[in-house]
Amino acid sequence: MIRVNAERLWSTLERMAQIGGTPGGGVTRLALSEEDRVARNLLRDWALEAGFSCDVDSMGNMFIRRAGKNSALPPVMTGSHVDSQPLGGNYDGIYGVLAGLELLRTLNDNQVETERDIVLVNWTNEEGARFAPAMLSSGVWTGQFSEAYAHARADSAGVTVGEALESIGYRGEQPAQAFPIHACYELHIEQGPILEEEATDIGLVRAAMGQRWFTLTLDGFAAHAGTTPMGSRRDALTAFAELALRVEDIGYQHEPDGRATIGMAEITPNSRNVVPSRVVCSVEFRHPQSEALEAMESALHRAAESLRARGIAANVERIFDYAPITFDAGCLARSEKAAAELGYSMKSMVSGAGHDTCYISKVAPASMIFIPCEKGISHNEAENILPSWSEKGANVLLHSVLAAARER
């Protein structure tokens, strides 16, 4: 079996990490920033030097194409994203893009001709760190959002996506809309600790968790901290503390796949000597089964209702509902076969994070491949992988894509 050039892949990762590099060893390469422009240009230059074409659509998505024998057939797609979180890591997203570039280069090196074209894509604004929501451009491409909606999204300075695309020269003319795809693969770091802890080479991602986001408002009554007896208080913060433990318990009740998180909370009036009158907080549930998400949401409503015994009115508003994704069995089978033939250990996994391929799976057969990352750290300057992990993931991607691209 042919293998990728591991040293070349690692050198491209190191070179790309210099663009937006931070003193802490990570990167800040926000979507459609100057750093993103430089990184895009480098990716495009590498592709053109290798003899591939590079097209850009109206959302700035980059499509690098290696021609096969029959370009009339739907191509095989792979890729991820170049943008990062602020003070993010060197591998989230970009590893999948550069491993895709490496597989195309490897096919050139070995003079491999495929039946189908292979398309490497860089999706714009996957992270959502500068422009909300995340996975914006793959969402437009798959019909989840309109282009007008996406172009009007603004950052904290009021700059819109449309304006930012123009400013860095990546607002292409071709419409951002899906074309037929035979199979799609995304290679990614796990962003969790399981593969490293279990000393497993490859994660075969069979599903991605659904997500439900809520805003809860707990209303009590502001009172003097010194003169109001404990039994007379309607303390929104102590009610929130009870709720927080209930939310945590909901997550435990749905192990091993359930996740329950309160990530934000605002206290009013937020004064040292005033009993808090209001707490507004976020609640997020994740699970790969819709039935479990329904049960978790019902449990949240029961927990909120129970706060009435404390004299607290609780309002629960669902603000986001992202359905669970099941990836394509045929795509997974190619990756399982590749990993087995390469002699790598593997396990079936569920992704706890959202990825562009979750949207792609709505319009084409798709799946994901994970490699370990140290201590599961991601979205952090300390994010790290080993060159051997990088090589193994790229080899599985290579043979997954190659098998699909050879199919008539």
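Residues numbered from 1 in each chain as written. Predicted model: local features only at pLDDT ≥ 70, side-chain atom pairs only at ≥ 80, totals over all residues. Heavy atoms only, no water.

**A short note on the overall build of the protein**
When helices and strands are counted, the protein shows 12 helices and 16 strands. What you see for the protein is a C-alpha radius of gyration of 23 Å, in line with the 22 Å of a compact globule of 408 residues. Oriented by its inertia axes, the alpha-carbon framework of the protein measures out at about 80 × 45 × 40 Å. Sorting the 408 residues of the protein into buried and exposed places 54% on the buried side. Residue pairs in contact within the protein that sit at least 24 positions apart in sequence constitute 79% of those at least 6 positions apart. Accessible area for the protein stands at about 17,000 Å²; split by element, carbon and sulfur atoms hold 48% of it. Where the 36 positive side-chain charges of the protein centre and where its 53 negative ones centre are 2 Å apart. (Helix = DSSP H or I, 4+ residues; strand = E, 2+ residues; numbered from the N terminus. Rg over C-alpha atoms; globule rule 2.2 N^0.38 Å. Buried < 20%, exposed > 50% of the residue type's maximum accessible area, 1.4 Å probe, protein only. Contact = heavy atoms within 4.5 Å. Areas by Shrake-Rupley, 256 points an atom, 1.4 Å probe, with all protein chains shown as cover. Lys, Arg positive; Asp, Glu negative; His and termini not counted. Charge placed at Lys NZ, Arg CZ, Asp CG, Glu CD.)

**Overview of the UniProt feature "binding site: Zn(2+) 2" (unreviewed entry) in the protein**
UniProt records the feature "binding site: Zn(2+) 2" (unreviewed entry) at Asp92, Glu127 and His379, using the numbering of this structure. Taken along the chain, the residues just named run across 288 residues; in space they keep tight, none of their C-alpha pairs more than 9.7 Å apart. Residues from the named set that contribute to the lining of the largest cavity are Asp92, Glu127 and His379. In contact with Glu127, not counting residues within four places along its chain, are His81, Asp83, Ser84, Gln85, Asp92, Ala134 and His379. You can see His379 is positioned in the loop between β16 (366-371) and α12 (387-405). Each residue touching His379, except ones within four places of it in the same chain, is listed here: Gln85, Leu87, Gly88, Asp92, Glu127 and Gln191. (UniProt positions renumbered as here; feature names shortened; annotations may be inferred. 1 Å grid on protein atoms, 1.4 Å probe; cavity = no way out; pocket = protein on both sides within 12 Å on 5 of 7 lines; lining within 4 Å.)

**Things to note about empty space enclosed by the protein**
Scanning the entire structure with this criterion turns up 1 cavity of 30 Å³ or more. If you go around the largest cavity, the residues you meet are Asp83, Ser84, Gln85, Gly88, Gly89, Asp92, Glu127, His379 and Glu383. By residue class, the composition of the lining of the largest cavity is no nonpolar, 5 polar and 4 charged. (Points joined across faces, edges and corners; volume = space filled by probe spheres on them. Nonpolar A, V, L, I, M, F, W, Y, C, P; charged D, E, K, R; others polar.)

**Focus on the domain arrangement of the protein**
Interfaces are often sized by the accessible area lost when the parts come together. Taken as a whole, the protein is organised into domain 1 (6-209 + 324-406) and domain 2 (210-322). Taken together, the contacts link 12 residues of domain 1 with 11 residues of domain 2. Buried surface at the junction of domain 1 and domain 2, summed over both partners, amounts to about 850 Å²; 60% is from carbon and sulfur atoms. Inspection of the region where domain 1 meets domain 2 yields 0 salt bridges. At the surface where domain 1 touches domain 2, the tally comes to 1 residue pair in polar contact (both at pLDDT 80 or more). (Domains from an automatic or database assignment. Buried area = accessible area lost by both parts, 1.4 Å probe. Salt bridge = Lys/Arg side-chain N within 4 Å of Asp/Glu carboxyl O. Polar contact = N/O pair within 3.5 Å; in protein donor to acceptor, adjacent residues only side chain to side chain.)

**Focus: the pattern of salt bridges**
By the definition in use, this model includes 22 salt bridges. Put simply, Glu198 and Lys347 hold a salt bridge, and the shortest N to O gap is 3.0 Å. With Glu198 in the loop between α7 (194-197) and β6 (202-208) and Lys347 in strand β15 (residues 346-351), this pair connects stretches of sequence that are 149 residues apart. Looking at Lys347, the relative accessible area reads 24%, which means it is partly exposed. We note a salt bridge from Glu341 to Lys337, for which the minimum N-O separation is 2.6 Å. Here Lys337 and Glu341 lie together in helix α10 (residues 329-342), a separation of 4 residues that amounts to about one turn. Where salt bridges share partners, they join Arg212, Glu294, Glu297, Arg318 and Asp321 into one cluster.

**Overview of the side chain of Asp356**
Of note, Asp356 is situated in helix α11 (residues 356-360). At 10 Å, Arg40 is the nearest oppositely charged side chain to Asp356, a buried residue that forms no salt bridge. Not counting chain neighbours up to four residues away, the residues in contact with Asp356 comprise Ser80, His81, Trp123, Glu126, Met135, Ser138 and Glu186.

**Side note on a nonpolar patch on the surface**
Taken together, the side chains of Trp213, Ile319 and Phe320 make up a nonpolar region of the molecular surface, amounting to roughly 260 Å² of accessible area. Examined against the element boundaries, Phe320 turns out to sit in strand β13 (residues 313-322). Accessibility expressed as a relative area gives 30% for Phe320, which makes it partly exposed. (Patch = residues over 30% accessible without salt bridge, like charges linked within 9 Å, V, L, I, M, F, W, Y side chains within 5 Å.)

**Notes on the packing of aromatic side chains**
As enumerated under the stated definition, the model contains 12 aromatic pairs in all. Aromatic side chains Trp141 and Phe179 sit 5.2 Å apart centroid to centroid with 85° between the ring planes, which places their arrangement in the edge-to-face category. In this pair, Trp141 is assigned in helix α4 (residues 136-141) and Phe179 in the loop between α6 (161-168) and β5 (183-189), connecting sequence segments 38 residues apart. With relative accessibility at 24%, the residue Phe179 sits in the partly exposed group. Ring centres 6.0 Å apart and planes at 90° place the aromatic pair Phe145 and Tyr359 in the edge-to-face group. Taken together, the residues Phe145 in the loop between α4 and α5 (147-152) and Tyr359 in helix α11 connect sequence positions 214 residues apart. Pair check on accessibility: Phe145 and Tyr359 agree, each one buried. Through successive ring pairs, a cluster of aromatic residues spans Phe145, Tyr149, Trp213, Phe320, Tyr322 and Tyr359. (Phe/Tyr/Trp six-rings, centres within 6.5 Å; stacked < 30°, edge-to-face > 60°.)

**Brief notes about the side chain of Ser33**
Mapped onto the secondary structure, Ser33 falls in the loop between α1 (6-17) and α2 (34-49). Look at Ser33 and you get buried, because its relative accessible area is 12%. At a separation of 3.2 Å, a polar atom in the side chain of Ser33 contacts the side chain of Glu35. Residues within four places of Ser33 in sequence aside, it is in contact with Arg130 and Ile168.

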